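So the chains spell out like this:
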Amino acid sequence: HEEERAWIARKLNEELCQRLTGLNLQLHSLSMGSRGDVNQMRAGVEELCAQFGDLASDIQAVSDQSYHTLELLGLVASARTSCQQMSARHGVTIDYHYEGVPDTLPNDVALAMFRVLEEALDNAVRHAAVRRVSVSLGGSRDEMRLDVADEGVGFDLEAALRSHGLGLIGMRERLSLVDGECLIESHPGAGTRIRARVPLRRSD
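Residues numbered from 1 in each chain as written. Predicted model: local features only at pLDDT ≥ 70, side-chain atom pairs only at ≥ 80, totals over all residues. Heavy atoms only, no water.

(A) Seen up close, the overall build of the chain. When you go through the chain residue by residue, the secondary structure sums to 7 helices and 5 strands. N-terminal to C-terminal, the α/β element order of the chain is α-α-α-α-β-α-β-β-α-α-β-β. Out of the 204 residues belonging to the chain, those deemed buried represent 40%. (Helix = DSSP H or I, 4+ residues; strand = E, 2+ residues; numbered from the N terminus. Buried < 20%, exposed > 50% of the residue type's maximum accessible area, 1.4 Å probe, protein only.)

Structure (structure tokens):
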């Protein structure tokens, strides 16, 4: 629960608060703009309304009961639901496949994989300019694997890590708490692939 609270606090501070600040600046700019151009003012207000709607949806997603949902439905069903909701919200096709996932998983492992999936999908639909994303969830008695790939615009990985952008460091931190690892592959113009792996037989 402490880890989950830390993740929520970081999400609220690093992303949602920044977006609220940006919206506030846009509102200020709109209020200082040309008052004679009604059409321009209306278009600006409509754009801000759409952004506020997206922000409200994301705040709800952060504050939902993901932990309890995972306990009730399991990782496979929760991941499917997340993919369906993201697809409907952003008009992106998400191909979801799973194979070999154990019926029961440690709660911390399931939550870590689920949060990494959410972050990876969020990055893809918001920043990569994609129309299709591939999600593969696999497992065995020894490990869990997650693969999220897109053919979007890609990015400079080293620059993103230096700027703590796209939640990449957060994904690695979350997986490290369960002895997992995250491999990120991306280049400008060449898409992005995020691979997560968590062992299920961890040594104490």
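(B) Layout of the pattern of salt bridges. All chains considered together, the criterion is met by 8 salt bridges. Two residues, Arg115 and Glu118, come together in a salt bridge whose shortest N-O distance is 2.7 Å. Of this pair, Arg115 and Glu118 both sit in helix α5 (residues 107–127), 3 residues apart, which is roughly one turn of the helix. Glu118 matches Arg115 in its accessibility class, with the two residues each being buried. Here Glu143 and Arg197 are joined by a salt bridge, their closest N and O atoms 2.4 Å apart. Placement of the pair is Glu143 in strand β3 (residues 143–150) and Arg197 in strand β5 (residues 192–199), with a sequence separation of 54 residues. A relative accessible area of 16% places Glu143 in the buried class. What makes Arg197 partly exposed here is its relative accessible area of 33%. Three or more residues joined by partner-sharing salt bridges are found here, namely Glu143, Arg145, Glu181 and Arg197. (Salt bridge = Lys/Arg side-chain N within 4 Å of Asp/Glu carboxyl O.)

(C) A look at the packing of helix α4 (residues 75–90) against α5. Relative orientation of the contacting elements α4 and α5 amounts to 15 degrees, with a least axis distance of 11 Å. Here α4 lies roughly parallel to α5, going by the angle between them. α5 is crossed by α4, and the crossing has right-handed handedness. Here α4 contributes Leu75, Ser78, Ala79, Ser82, Cys83, Met86 and His90 to the contact with α5, which in turn contributes Ala110, Met113, Phe114, Leu117, Glu118, Leu121, Asp122, Val125 and Arg126. (Axes fitted to C-alpha atoms, helices over the stretch in contact; angles between N-to-C directions. Parallel < 35°, antiparallel > 145°, perpendicular 65-115°, else oblique. Left-handed = near helix turned anticlockwise from the far one by under 90°. Contact = heavy atoms within 4.5 Å.)

(D) Just helix α7 (residues 168–176), in detail. Taken as a whole, α7 has its buried residues at Leu168, Gly170, Met171, Arg174 and Leu175. Relative to the axis of α7, the buried residues are bounded by an arc of 165 degrees and lie together on one face. (Arc of directions from axis to C-beta.)

(E) Summary view of the environment of Asp54. With respect to the helices and strands, the residue Asp54 is situated in helix α2 (residues 38–62). In the structure, Asp54 is positioned 35 residues away from Arg89 in sequence and 8.8 Å away in space, judged by C-alpha atoms. Excluding residues that lie within four positions of it along the chain, Asp54 makes contacts with Arg19 and Arg126.

(F) Representation of the pairing of strand β2 (residues 132–139) within the structure. Relative to β2, strand β1 (residues 93–99) runs parallel, the two sharing 7 bridges. If you follow Tyr96 over to β2, its bridge partner there is Val135. As paired strands, β2 and β3 are joined by 7 bridges and run antiparallel to one another. Looking across to β3, one finds that Gly139 is bridged to Met144. With antiparallel pairing between neighbouring strands as the criterion, β2 and β3 make up a hairpin whose turn holds 3 residues. (Pairing = 2+ DSSP bridges.)

(G) Main features of a nonpolar patch on the surface. A cluster of nonpolar side chains, contributed by Leu20, Leu27 and Phe52, occupies part of the molecular surface with about 240 Å² of accessible area. Tracing the backbone shows Phe52 in helix α2. Residue class for Phe52 comes out partly exposed when judged on its relative accessible area of 35%. (Patch = residues over 30% accessible without salt bridge, like charges linked within 9 Å, V, L, I, M, F, W, Y side chains within 5 Å. Areas by Shrake-Rupley, 256 points an atom, 1.4 Å probe, with all protein chains shown as cover.)

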